[in-house]
Amino acid sequence: MSSWITSLEGSAAGHQAALVLAVMAALLHAVFGALQKGTHDPWLSRGAIDFSYGVIAAPFALFVVPWPEPHMWPIFAGAYVIHVAYKLLQAWAYSKGAYMVVYPVVRGTGPLFAVIGAYLIFGETFTLGQWAGVLLLLGGIYGLAVYNLRTITVDRDTLVPALRLAVATGLTVALYTTYDAYGIRATADPFTFLAWFFFIDGLFFMPPLAGYLWLKDPNRPALGPLMARGLIGAFVAFFSFGSIMLATRLDKVGEAAVLRETSVVFAALIGWLILGEKVGPRRLALMALVAAGAVVVEFAG
């Protein structure tokens, strides 16, 4: 599998595979966000998810994939720090704001800075047509955020700090997207990066914190349903993060980052179908604008 993946790098087939992987990551990332924001406290949900994917990744990291080259350990340390910051900010944002307000702001902040980071780190450039697509996509995403801000009545008293946290979370999204793309390109076997990332990232921060919060909570939820959610979230995380990371190895980081942000369309559908949030004609039009921006970015390249 690894040799097949690396053989596609920089090819037309690799470009098409990266497109499919980025859109898959968008759908799964929206599902992941809904899982964390759903029934349980976001801190506990994230702890259960991280614990599950860390435990599952451990045997693959230790016994299946090739061990990381020596130069990869500082890269893993940097990724760990960035993702800790991302998780803290994301959990705080979800604990203070409605899912459909917080999520578009997080996702809208990320791609613009990811494109800039891809230019600075990898020398990637966008055509004028692609920049127009980015503006369309961002306009749709922030339009959704503003519309939701005006219409949603849940958690109104904490919306301002939630939005500030959402913007900060979006900046960490851009940072980890470009940094992790550098990391997965720095090792010979991309699955070495993925297995060790999930192993380190999963077990050594959120589970101890979530366990502490669970023990302190007098109304702590039952472990069975919480861990079931964590197990489902773990597999969603594997395919979501794994897809976008492989996409950044196969093709341009900036394009993959922008295409992933069509996740706000899937998030709106999830909010409507699962979380009971309303989707009117204005929101549908803004979702179409996001999708149109992603199409322009893809075909104007």
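Residues numbered from 1 in each chain as written. Predicted model: local features only at pLDDT ≥ 70, side-chain atom pairs only at ≥ 80, totals over all residues. Heavy atoms only, no water.

Description of the nonpolar core
Across soluble globular proteins, nonpolar side chains have a tendency to be buried as a group.
Move 1: Counting 73 residues, the largest nonpolar core has Phe 193, Phe 198 and Phe 241 as the members making the most contacts within it.
Move 2: Here the element with the most residues in this core is helix 10 (residues 223–250); it accounts for 10 residues.
Move 3: Sequence-distant contacts of Phe 198, defined by excluding residues within four places in its chain, comprise Tyr 53, Gly 54, Ala 57, Ala 237, Phe 238 and Phe 241.
Move 4: Core analysis: the next-biggest nonpolar cluster, separate from the first, contains 5 residues, Leu 44, Ala 48, Trp 214 and Leu 226 among them. (Core = buried A, V, L, I, M, F, W, Y, C linked by side-chain atoms within 4.5 Å. Buried < 20%, exposed > 50% of the residue type's maximum accessible area, 1.4 Å probe, protein only. Helix = DSSP H or I, 4+ residues; strand = E, 2+ residues; numbered from the N terminus. Contact = heavy atoms within 4.5 Å.)

A few points about a nonpolar patch on the surface
Move 1: A grouping of Phe 113, Ile 116, Tyr 119, Leu 120, Ile 121, Trp 131, Val 167, Leu 171 and Tyr 182 is seen on the molecular surface, where their side chains present a nonpolar patch of about 870 Å² in accessible area.
Move 2: Mapped onto the nonpolar patch, the elements with two or more residues apiece are helix 5 (99–122) and helix 7 (159–185).
Move 3: Take the nonpolar patch: its biggest share by element is 5 residues, from helix 5.
Move 4: One can find Tyr 119 in helix 5.
Move 5: According to the relative accessible area criterion, Tyr 119 is partly exposed, its value standing at 49%. (Patch = residues over 30% accessible without salt bridge, like charges linked within 9 Å, V, L, I, M, F, W, Y side chains within 5 Å. Areas by Shrake-Rupley, 256 points an atom, 1.4 Å probe, with all protein chains shown as cover. Salt bridge = Lys/Arg side-chain N within 4 Å of Asp/Glu carboxyl O.)

Structural notes on the packing of aromatic side chains
Move 1: Under the definition given, this model contains 18 aromatic pairs.
Move 2: Considering the side-chain rings of Trp 43 and Trp 92, the 5.6 Å spacing of their centres and the 75° angle between planes classify their relative orientation as edge-to-face. Of this pair, Trp 43 sits in helix 3 (residues 42–64) while Trp 92 is found in helix 4 (residues 72–96), placing the two residues 49 residues apart along the sequence.
Move 3: Using a relative accessible area of 13% as the deciding quantity, one classes Trp 43 as buried.
Move 4: Ring geometry for Phe 76 against Phe 193: centres 5.7 Å apart, planes inclined by 20°, an arrangement best described as stacked. Here Phe 193 lies in helix 8 (residues 190–203) and Phe 76 lies in helix 4, a separation of 117 residues in the sequence.
Move 5: Classification of Phe 76 by relative accessible area gives buried; the value is 4%. (Phe/Tyr/Trp six-rings, centres within 6.5 Å; stacked < 30°, edge-to-face > 60°.)

Side note on helix 9 (residues 206–216)
Move 1: Residues of helix 9 that are buried include every one of Met 206, Pro 207, Ala 210 and Trp 214, and no others. Axial view of helix 9: buried residues confined to an arc of 90°, hence all on one face. Those residues of helix 9 that are exposed and aimed more than 90 degrees away from the buried face are Pro 208, Leu 215 and Lys 216.
Move 2: Of the surrounding elements, those touching the buried residues of helix 9 are helix 3, helix 4, helix 8 and helix 10. (Arc of directions from axis to C-beta.)

Considering the pattern of salt bridges
Move 1: If you walk through the whole model with that rule in mind, you get 4 salt bridges.
Move 2: For Asp 50, the salt bridge goes to Arg 46, with nearest N and O atoms at 2.8 Å. With a gap of 4 residues between them, Asp 50 and Arg 46 both fall in helix 3, about one helical turn apart.
Move 3: Lys 87 is the salt-bridge partner of Asp 50, the closest N and O atoms lying 2.6 Å from each other. Pair noted here: Asp 50 is in helix 3 and Lys 87 is in helix 4, with a separation of 37 residues, a long-range link. Comparing Asp 50 with Lys 87 shows no difference in burial state: the two are buried.
Move 4: Salt bridges sharing common partners tie together Arg 46, Asp 50, Lys 87 and Asp 201.

Re the environment of Gly 54
Move 1: In this structure, Gly 54 sits in helix 3.
Move 2: In this structure, the C-alpha to C-alpha distance between Gly 54 and Leu 149, residues 95 residues apart in sequence, is 35 Å.
Move 3: Once residues lying within four places of it in the same chain are set aside, the contact partners of Gly 54 are Phe 198, Phe 199, Gly 202 and Leu 203.

Treat this as a map of the structure, not an account of what it does.
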